[in-house]
Structures are given as structure tokens and as C-alpha cells.
Amino acid sequence: MLKNKEEDIKRLADNFLNGDDGAFSELARLIHSDILNISYRYLTNMEDAKDALQLSLLKIHEGLKYFRNTSKFSTWIFRITINTSLDFLRKRRSIFNLNSRYKSEEKFTSASLKEEIDSKDKQALIRKEISSLPARQKNAFILRHYEDLSIEEISNTMGCSQSAVKTHLKRAVRTLQKKVEVVL
Amino acid sequence: MKCLSRKQLLLFFYNELNAQERDSVKKHFLTCSHCSKNYENLNNFLESIKKEKVDISQDSLNSILRQVEIQTKQESFLVRLWQRVVFTLEELMANLEHKPQLAAVAFVIIAAFLLLPVINNREQAVTAKVDIVDIEMELAFEDQNNTDVILDIFNLDSSQKSSSTFISS
């Protein structure tokens, strides 16, 4: 979990800012798995998740020089990873919309949904439904369910109130539960 | 006690209630089969979402780190400056997103900067129009005066002035 690595991240970031170039490589190795997993929850595709990881590491490399310690390093890294993943998702959706305009037969139909269930790939279905949640609900759910962040930590990461996080989380779970139970 | 809301059930599952609230929910489960059933469904659903982890090989990671290193070294000053601007804007947007008062102030400032040149230009346009009318009037008066002088020189009377004014124009 990224939030448990705060001390190590801080130490390596300080070393990097003091001119130790090897420290960034060490930092990247320390946090790459967390970034990759969060990106994967959003993108549900390993190749896109790897691209998002590379871009997030680049942003972290650039941003560390300007990091002003107003939040925890882990919160800041979460934010960069989420923004990068959402950007990828937006780009992918616009490409998908463009393709679907010309290839209506490729639309996600109930037949393809049935095939998915027949293959008993419930986790794949859940992943797909999570990735199609509205951005804030998705952020709240991924950070709480997969990253074990508390409501307070999520509110710091997302920059909104704790009661808003609770509402996003409730809506996310209700939507997921409805969609998955209807299909199964 | 009233039945539990979905939010309460969810916060109970994620261990986000304080000790007193947790006790109260537990006591309620003992007396309310409806809420117990709802919680069981929720619990089963959330437990069924596996927290599977994905990972990449060391080779893939090394390749990504090499790419990051190459890109950070190749970046020109302008690219770095652009990244800095984008980074600052992203931070600013993230900070403003959930602070409507700050967002409103930022909007007013930006709107003022955008509208000032327009208002300024409009005032200048009106002034320019007034100036042109003044100049035309002055020229017309000058023409009239010149005509009067010419008529005086030739000792023409006022009845002949109108036709001569026509001629002079």
C-alpha cells in the first residue's frame, strides 16, 4: 500500500532533490506497483496501465522539484496517478465513440454481456462496471476498496468533504451492486 | 430504532463508524431481520470483489524507467516550461474544484481581464465618433465663414448668398 510507504518516499525524494539521480530510480521501483494497480483499476487494460505508469513517473519526476509539502507524498502521488488514468480514459472513450459511430455492430450489447457471464468472468464484469462509474464515484471506490484509504484520507486526496466522499462511495456501491446483480 | 440507511451499512462494512455507532448498529441487527439481510447482501457483494494485484516483469519495469530517464534528459527548456505550466494549472484546478468561493473569485478576475479591453475599446470608439463629428462641424463652419468673406469681397447681398454657397460647395 502506497500510504504505508510515506517515510521511504520522503527519504528518497529528499535524496533526489539533493542531487542523487539514482534515488529517483529507487523511488520509481518502490511505488511502481501501486501506480500500476491504480491505473489498471481505471483502465482495465495492462498496456494502457503501463503507459499510464510511465507518464505518471514522468510527472512525478518533474513535479518533485515543485512539491511544496502541503500534503503527504502518497496523497500527491495518488492525485497524479488518478489524473493521468482519467486522462487516458477520456482519450480512449473519445476514440471508442468515434469508432462506434461507424461500427455500430461493435457496441456493447446484452449478447456480449451474456458471453461474459457464461465465461463466469464476474471479476472482469465488475472491473468493467467500476471503470464506467462517474469519475468521483470511481475515485472514492478505488481508493477505499482497493487502496484501503480512510474516508478522511480520500477526502484529502480528492480535495472534497468527508460527507461528499461518503455519498460518492454509497452511490458507487449501489450502482455496482445493481448492475452486477441484474446481470448475474 | 429506525432501519439503517445504505450509507450506515456501508460505513459499518468499511469500519468507518465510531465505537458507539458500531454498537448501535450491531444491536439493531439483532432485532431487525430486514437490515441484517441487507447487510448480508452488501457484505457478500463487496467481499466478492477480489483485490487482485497486477504486476509487470523486471524487464518491462527497466524499459519503462529507461524511457522515463531518456525523456527527462531530452526535454528542452520550452517543454519543461510547458510541463511546469500544465502542472501548476492541474494543481490549481484540483484545488479550486471543490472550493466554489475561490472558483467564483477566480472567475470574476478572469472575466474582468477579458472584459476590460472590450469596454475600453468601446469608450475609445465613442470618443472617436464624437471627434469626427466635431471636426466635420468645424470644417463646415470654416467653409461658411470663407463663403461669407468671399461674398463680402464681391459685395453680394444676402439673397444671392444661397446660390453662391451652392456654387462654392
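No experiment lies behind these values; they were computed from the predicted model shown. (Residues numbered from 1 in each chain as written. Chains lettered and ligands numbered in written order. Predicted model: local features only at pLDDT ≥ 70, side-chain atom pairs only at ≥ 80, totals over all residues. Heavy atoms only, no water.)

A. Representation of a positive patch on the surface. Together, Arg-171, Arg-174 and Lys-178 of chain A together with Arg-6 of chain B make up a region of like positive charge exposed at the surface. One can find Lys-178 of chain A in helix H9 (residues 162-183). A relative accessible area of 54% means that Lys-178 of chain A is categorised as exposed. (Patch = residues over 30% accessible without salt bridge, like charges linked within 9 Å, V, L, I, M, F, W, Y side chains within 5 Å. Areas by Shrake-Rupley, 256 points an atom, 1.4 Å probe, with all protein chains shown as cover. Salt bridge = Lys/Arg side-chain N within 4 Å of Asp/Glu carboxyl O. Lys, Arg positive; Asp, Glu negative; His and termini not counted. Charge placed at Lys NZ, Arg CZ, Asp CG, Glu CD. Helix = DSSP H or I, 4+ residues; strand = E, 2+ residues; numbered from the N terminus. Buried < 20%, exposed > 50% of the residue type's maximum accessible area, 1.4 Å probe, protein only.)

B. Seen up close, the interface of chain A and chain B. Of the residues lining the interface, 51 residues belong to chain A; the matching set on chain B comes to 39 residues. Here chain A and chain B share an interface that buries about 4500 Å² over both sides, 58% of which is from carbon and sulfur atoms. The interface formed by chain A and chain B holds one salt bridge in total. Across the pair Arg-144 of chain A and Glu-16 of chain B runs a salt bridge, and its minimum N-O distance is 3.4 Å. Taken together, the links from chain A to chain B amount to 11 residue pairs in polar contact (both at pLDDT 80 or more). Those elements giving two or more residues to the side of chain A that touches chain B turn out to be helix H2 (21-43), helix H3 (46-63), helix H4 (73-102), helix H6 (122-131), helix H7 (135-146), helix H8 (151-158) and H9 of chain A. Of the residues contributing to the side of chain A that touches chain B, the split by class is 21 nonpolar, 13 polar and 17 charged. (Contact = heavy atoms within 4.5 Å. Buried area = accessible area lost by both parts, 1.4 Å probe. Polar contact = N/O pair within 3.5 Å; in protein donor to acceptor, adjacent residues only side chain to side chain. Nonpolar A, V, L, I, M, F, W, Y, C, P; charged D, E, K, R; others polar.)

C. Structural context of the nonpolar core. Counting residues in hydrophobic clusters, the biggest one holds 76 residues, and the most contacted among them are Ile-31, Leu-57, Ile-60, Leu-64, Trp-76 and Phe-141 of chain A together with Leu-46 of chain B. Take this core: its biggest share by element is 11 residues, from H2 of chain A. The two domains that each donate at least three residues to this core are domain 1 (1-105) and domain 2 (108-184) of chain A. When residues no more than four places from it in sequence are discounted, the contact partners of Ile-31 of chain A are Leu-2, Ile-9, Leu-57, Ile-60 and Ile-77 of chain A. (Core = buried A, V, L, I, M, F, W, Y, C linked by side-chain atoms within 4.5 Å. Domains from an automatic or database assignment.)

D. Highlighting the packing of helix H1 (residues 6-13) of chain B against helix H3 (residues 33-48) of chain B. Residues and elements named next belong to chain B. Close contact between H1 and H3 brings their axes to 10 Å; oriented N to C, the two are set at 50°. Here H3 runs oblique to H1, going by the angle between their axes. The way H1 lies across H3 gives a crossing that is right-handed. Every residue of H3 that contacts H1 at Arg-6, Leu-9, Leu-10, Phe-12 and Phe-13 is listed here: Cys-35, Asn-38, Tyr-39, Leu-42, Asn-43, Leu-46 and Glu-47. (Axes fitted to C-alpha atoms, helices over the stretch in contact; angles between N-to-C directions. Parallel < 35°, antiparallel > 145°, perpendicular 65-115°, else oblique. Left-handed = near helix turned anticlockwise from the far one by under 90°.)

E. Expanded view of the side chain of Ser-85 of chain A. All names here are of chain A. Within the element layout of this structure, Ser-85 appears in helix H4. On the basis of relative accessible area, Ser-85 is assigned to the buried category, the value being 0%. When residues no more than four places from it in sequence are discounted, the contact partners of Ser-85 are Ser-39, Tyr-42 and Leu-43.

F. Structural context of the pattern of salt bridges. For the structure shown, the criterion picks out nine salt bridges over all chains. For Arg-90 of chain A, the salt bridge identified is with Asp-87 of chain A, shortest N-O distance 2.7 Å. Linking Arg-90 of chain A with Asp-87 of chain A, this pair stays in helix H4, spanning three residues, or about one helical turn. When its relative accessible area of 25% is taken as the criterion, Asp-87 of chain A is described as partly exposed. It is possible to trace a salt-bridge network through shared partners that takes in Arg-144 and Asp-148 of chain A together with Glu-16 of chain B.

G. Main features of a nonpolar patch on the surface. Taken together, the side chains of Leu-81, Trp-82, Val-85, Leu-89 and Leu-92 of chain B define a hydrophobic patch exposed on the protein surface, amounting to about 490 Å² of accessible area. On the secondary structure map, Leu-92 of chain B appears in helix H5 (residues 77-96).

H. Layout of the side chain of Glu-6 of chain A. All names here are of chain A. Tracing the sequence through the fold places Glu-6 in helix H1 (residues 6-17). One buried charged residue, Glu-6, remains without a salt bridge, the closest side chain of opposite sign being Lys-72 at 5.7 Å. Looking at Glu-6, its side chain comes within polar contact range of the side chain of Ser-74, at 2.8 Å. If near-sequence neighbours (up to four positions away) are discounted, Glu-6 is found in contact with Lys-72, Phe-73 and Ser-74.

I. Local environment of the environment of Arg-79 of chain A. Residue and element names in this part refer to chain A. Structurally, Arg-79 is set in helix H4. On the accessibility criterion, Arg-79 (17% relative accessible area) is buried. Put simply, Arg-79 and Ser-56 are 23 residues apart on the chain and 9.9 Å apart in space, counted from C-alpha to C-alpha. A polar side-chain atom of Arg-79 sits 3.2 Å from the main-chain carbonyl oxygen of Asn-156. Polar contacts involving the side chain of Arg-79 include one to the main-chain carbonyl oxygen of Thr-157, which spans 3.1 Å.

J. Quick look at the packing of aromatic side chains. Residue and element names in this part refer to chain A. Under the defined criterion, the tally for this structure stands at eight aromatic pairs over all chains. Here Phe-67 and Phe-73 contribute two aromatic rings whose centre-to-centre distance is 4.4 Å and whose plane-to-plane angle is 25°, an arrangement assigned as stacked. A single burial state applies to Phe-67 and to Phe-73, both of which are buried. Taken together, a centroid distance of 6.3 Å and an interplanar angle of 85° make the contact between Phe-141 and Tyr-146 edge-to-face. Of note, Lys-91 hangs over the ring of Phe-88, and the distance from its end group to the ring centre comes to 5.9 Å. (Phe/Tyr/Trp six-rings, centres within 6.5 Å; stacked < 30°, edge-to-face > 60°. Lys NZ or Arg CZ within 6 Å of the ring centre and 35° of its normal.)

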